[in-house]
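Each chain, letter by letter, is given below.
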Amino acid sequence: EMLNAWFVTSYETSHYIIEDAQAIDDKAAADGVESVAPLYGLPVPAKGTMASTDYPGGAGLGILDGCYSTDDAALLKLIKEANGIIMGKTNVPEYACSWQTMNHMNGVTRNG
């Protein structure tokens, strides 16, 4: 069975990732590696409860499935400013209020 840890995967949104990576590589080539420090393309998952303009959210709630934020969460802004790449969003329980990750929108996350 699948782990089901991601509800928005990098495969579904690879165009964002490729564009971001290319822009970071172009900047490194033009201005040197130090210009893209400290994260230089580090892939970072966003929690499913975090606001993101690139990926839909919903905090595990079916009624919010497919909703996009008008602004990125502060942490995601910091990651992007440090040249990290947001790879997608992880599955969360409804309202992130459970010890297990299960919701009706995305299903259960299983341990590998």
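Undergrad: Quick question: what am I supposed to make of the nonpolar core here?
TA: In summary, soluble globular proteins display a tendency toward joint burial of nonpolar side chains. Core analysis: the biggest nonpolar cluster contains 14 residues, and Ile17, Ala46, Met50, Leu76, Ile79, Ile85 and Ile86 have the highest contact counts within it. Mapped onto this core, the elements with two or more residues apiece are helix 1 (14–31), strand 2 (43–47), helix 2 (74–81) and strand 3 (85–90). Apart from the residues lying within four places of it in its own chain, the contact partners of Ile79 are Leu39, Val44, Gly84 and Ile86.

Undergrad: Explain helix 1 to me, please; I cannot follow it from the model alone.
TA: The periodicity of an α-helix, 3.6 residues per turn, causes residues three or four positions apart to be oriented the same way. The end-to-end C-alpha separation of helix 1 is 25 Å, in line with the 26 Å expected for 18 residues at 1.5 Å each. Three or more residues of helix 1 are buried, namely Ile17, Ile24 and Ala28. Axial view of helix 1: buried residues confined to an arc of 40°, hence all on one face. Residues Ile18, Glu19, Ala29 and Ala30 are exposed on helix 1 and point more than 90 degrees away from its buried face. Buried positions along helix 1 lie against strand 3. Once helix 1 finishes, Gly32 follows within two positions and takes phi at roughly 95°, a positive value.

Undergrad: For this particular structure, what's the right way to read the side chain of Asn83?
TA: Assignment of secondary structure puts Asn83 in the loop between helix 2 and strand 3. Sequence-distant contacts of Asn83, that is, excluding residues within four places in its chain, are made with Ile24, Ser35, Val36, Ala37, Leu39, Tyr40, Gly41 and Leu42.

Undergrad: Looking at this model, I keep getting lost on unusual backbone geometry. Mind explaining?
TA: Peptide bonds are trans in most cases, and residues, glycine excluded, mostly fall at negative phi. Cis rather than trans, the peptide bond between Ala37 and Pro38 has omega equal to 5°. You can see Pro38 is positioned in the loop between helix 1 and strand 2. Positive phi is not limited to glycine here, since Ala59 has a value of about 50°. Secondary-structure assignment places Ala59 in the loop between strand 2 and helix 2. Phi is positive for Ala96, close to 60°, though the residue is something other than glycine.

Undergrad: Quick question: what am I supposed to make of the environment of Val92 here?
TA: With respect to the secondary-structure elements, Val92 resides in the loop between strand 3 and strand 4 (102–103). Residues Val92 and Ser35, spaced 57 residues apart in sequence, show a C-alpha to C-alpha distance of 35 Å. Setting aside residues up to four positions removed in sequence, Val92 forms contacts with Lys47, Gly48, Thr49, Ala59, Gly60, Thr101 and Asn103.

Undergrad: Explain the pairing of strand 2 here, please?
TA: Of the two faces of strand 2, the one lined by Val44 and Ala46 is fully buried and the one lined by Pro43, Pro45 and Lys47 carries no buried residue. Direction of pairing for strand 2 relative to strand 3: parallel, over a ladder of four bridges. Residue pairing across strands places Ala46 opposite Lys89, the latter belonging to strand 3. Note on the crossover from strand 2 through helix 2 to strand 3: the handedness is right-handed.

Rules used in this analysis
Residues numbered from 1 in each chain as written. Predicted model: local features only at pLDDT ≥ 70, side-chain atom pairs only at ≥ 80, totals over all residues. Heavy atoms only, no water. Core = buried A, V, L, I, M, F, W, Y, C linked by side-chain atoms within 4.5 Å. Buried < 20%, exposed > 50% of the residue type's maximum accessible area, 1.4 Å probe, protein only. Helix = DSSP H or I, 4+ residues; strand = E, 2+ residues; numbered from the N terminus. Contact = heavy atoms within 4.5 Å. Expected span 1.5 Å × (residues − 1). Arc of directions from axis to C-beta. Pairing = 2+ DSSP bridges. Right-handed = clockwise from strand over helix to strand, strands pointing away.

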